[in-house]
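Descriptive analysis of the structure
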Amino acid sequence: MSTPPAARPGDEGNDNAPQTAENLCRRCGGSGTVDGEPCPECKGTGRIAEIVGDA
Ligand SMILES: [Zn+2]
C-alpha cells in the first residue's frame, strides 16, 4: 500500500489543451507596431493566438 496510482501515458486526460490558432493581429495588421510603438495587442509579434472552435 505504498505505491501511488501511476498515471499511464496515453490513457486519457491528455486532451485538455484549448483549440488555438495563430492569426495576424488585427490591431497592427501583422506589422507588430502601432503608431511606431509595439502593438499592445500582440506585443509586437504581429500575431495573436485565438481560441477557435468552442464546441
Ligand atoms: Zn498587433
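The coordinates are above.
Here is a short report on the structure shown in this document. No experiment lies behind these values; they were computed from the predicted model shown.

Cut-off values and rules
- Residues numbered from 1 in each chain as written.
- Predicted model: local features only at pLDDT ≥ 70, side-chain atom pairs only at ≥ 80, totals over all residues.
- Heavy atoms only, no water.
- Helix = DSSP H or I, 4+ residues; strand = E, 2+ residues; numbered from the N terminus.
- Buried < 20%, exposed > 50% of the residue type's maximum accessible area, 1.4 Å probe, protein only.
- Contact = heavy atoms within 4.5 Å.
- Donors = N, O, S within 2.8 Å, 3.2 Å for Na, K, Ca; no water.
- Tetrahedral: all angles 85-135°; square planar, octahedral: opposite > 155°, others 65-115°.
- Salt bridge = Lys/Arg side-chain N within 4 Å of Asp/Glu carboxyl O.

**Section: the overall build of the chain**
- Helices and strands together make up the secondary structure of the chain, namely zero helices and four strands.
- Scored against the burial criterion, the 55 residues of the chain give a buried share of 13%.
- Across the chain, the fraction of contacts at a sequence separation of at least 24, relative to all contacts at a separation of at least 6, is 42%.

**Structural notes on the coordination of the zinc ion**
- Those donors, C25 (SG), C28 (SG), C39 (SG) and C42 (SG), are the protein atoms that reach the zinc ion, and they lie 2.3 Å from it.
- Around the zinc ion sit four donor atoms; with metal-centred angles ranging over 104 to 116 degrees, the donor geometry is tetrahedral.
- Along the chain, the residues donating to the zinc ion fall in the pattern C-x2-C-x10-C-x2-C. With C28 in the loop between β1 (20-24) and β2 (33-34) and C42 in the loop between β3 (37-38) and β4 (47-51), the pair connects residues that are 14 residues apart, well separated along the chain. Grouping residues by exposure puts C28 and C42 together as buried.

**Notes on the pattern of salt bridges**
- The tally for this structure, following the rule as stated, stands at two salt bridges.
- Of the charged contacts, one joins R26 and E50 as a salt bridge, the two residues approaching to 3.1 Å between their closest N and O atoms. On the criterion of sequence distance, the pair formed by R26 in the loop between β1 and β2 and E50 in strand β4 is long-range, its members being 24 residues apart.
- A salt bridge links R27 to E41, with the nearest nitrogen and oxygen atoms 3.2 Å apart.

Any link to function would need more than the numbers given here.
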